[in-house]
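So you can see what is in the structure, the chains are spelled out below.
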Amino acid sequence: MPHKKELRYQAAKELRVQSGPDGSRTISGYAIRYNEPSVDMGFTEVVAPGAVTDSLRQNPSVLCLRDHDPTLLMGRTTAKTLTLTEDANGLRFVCKLPNTSQANDLAESIDRGDLDGVSFGFSVPNGGDKWSSDSKGNVTRTLLKINLAEISPCSFPAYPSTSVSIRSCPSELRTLLKRSEDDDGEDEDGCGCDCAECLNGDCADCSDPDCTDEDCEHGDDSARSVHLWKLELRIALANRL
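Enquirer: Would you explain the confidence of the model for the protein chain in this entry?
Expert: Keep in mind that low pLDDT regions are not for reading the predicted coordinates in detail. In the predicted model, the protein chain carries a mean pLDDT of 79, and the fraction of residues at 70 or more is 69%. Ranking the elements of the protein chain by mean pLDDT puts helix α6 (residues 223-240) last with 50 and strand β7 (residues 82-86) first with 96. Low pLDDT, under 50, characterises residues 179-189; the stretch is placed with 19 contacts to residues that sit more than four places away or in other chains. Every residue in residues 219-226 is under pLDDT 50, and counting partners more than four places away or in other chains gives 14 contacts.

Listed below in structure tokens is the structure:
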């Protein structure tokens, strides 16, 4: 079974635009910051130093997109328009923008400070993450190794359903994950499915093949799932070229 894509967002601390003598524009910053805790997603997540080292050694076709939109392609490692470099702080990127209206809009938004975040799409190979909890029951997921698929300067934070992540969480820690109730009594990190697994709070293992909730394994009818499917398809095709 292929490893499903996940998306994570980090506020960019050094996202900037530079113009060359020939009028070309590049954007640069950190796509990933090591050892910086994520927002509360029901658990906290950190990326360990070197988590992308093995992935980069394989010279993957990593894309630079705008807001994870595959139709807004800004650069690509195999075309040498996107450069990724690891240092002690994380994964830096430099992307030479194409001369398109969408790229010019992106540069203008970054320059004005309207766009100030970077997100990255990845999958986790078997054994690529580690889960732990402290004395207060707070759960932390450490990403030890990830396969990087794309980076995206983003207009707003996008924290997708945690169900993909939770599938790798040991069963003894799943009961510690925070679950908040919304006004309708439905778990924000849960779903509206009434299969036995979801009612038990284990939406990651939803057993209803007709379930369309985006937080469940079978929630393939959601707009986000369709969008990610298109992205995965394009990346798969790109890697075959």
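Enquirer: Is there a simple way to think about the sheet that holds strand β1 (residues 6-11) in this case?
Expert: Pairing between sheet strands relies on hydrogen bonds along the backbone, with the strands arranged either parallel or antiparallel. Strand order across the open sheet formed by five strands is β1-β9-β12-β5-β6, with mixed pairing between neighbours. Both edges of this open sheet fall to β1 and β6 (69-76), since each of them pairs with a single strand only. Across the sheet, the axes of successive neighbouring strands diverge by a mean angle of 30°, strand direction being ignored. One ladder, built from four bridges, connects strand β5 (residues 63-66) with β6; its direction is antiparallel. Bridge pairing links L63 to R76 in β6. Contacting β5, β6 and β12 (147-154), helix α2 (residues 101-112) runs over the sheet at an angle of about 75° to β6.

Enquirer: Looking at this model, I keep getting lost on the pattern of salt bridges. Mind explaining?
Expert: Working definition: two side chains of opposite charge can pair if their charged atoms are close together. One pass over the full model with this rule turns up ten salt bridges. Note that D67 and R66 form a salt bridge whose closest N and O atoms lie 3.1 Å from each other. Residue R66 is classed as buried on the basis of its relative accessible area, which comes to 16%. Within the structure, one salt-bridge network assembled from shared partners comprises E6, R8, E45, D129 and R141.

Parameters and conventions
Residues numbered from 1 in each chain as written. Predicted model: local features only at pLDDT ≥ 70, side-chain atom pairs only at ≥ 80, totals over all residues. Heavy atoms only, no water. pLDDT = per-residue confidence, 0-100. Helix = DSSP H or I, 4+ residues; strand = E, 2+ residues; numbered from the N terminus. Contact = heavy atoms within 4.5 Å. Pairing = 2+ DSSP bridges. Axes fitted to C-alpha atoms, helices over the stretch in contact; angles between N-to-C directions. Salt bridge = Lys/Arg side-chain N within 4 Å of Asp/Glu carboxyl O. Buried < 20%, exposed > 50% of the residue type's maximum accessible area, 1.4 Å probe, protein only.

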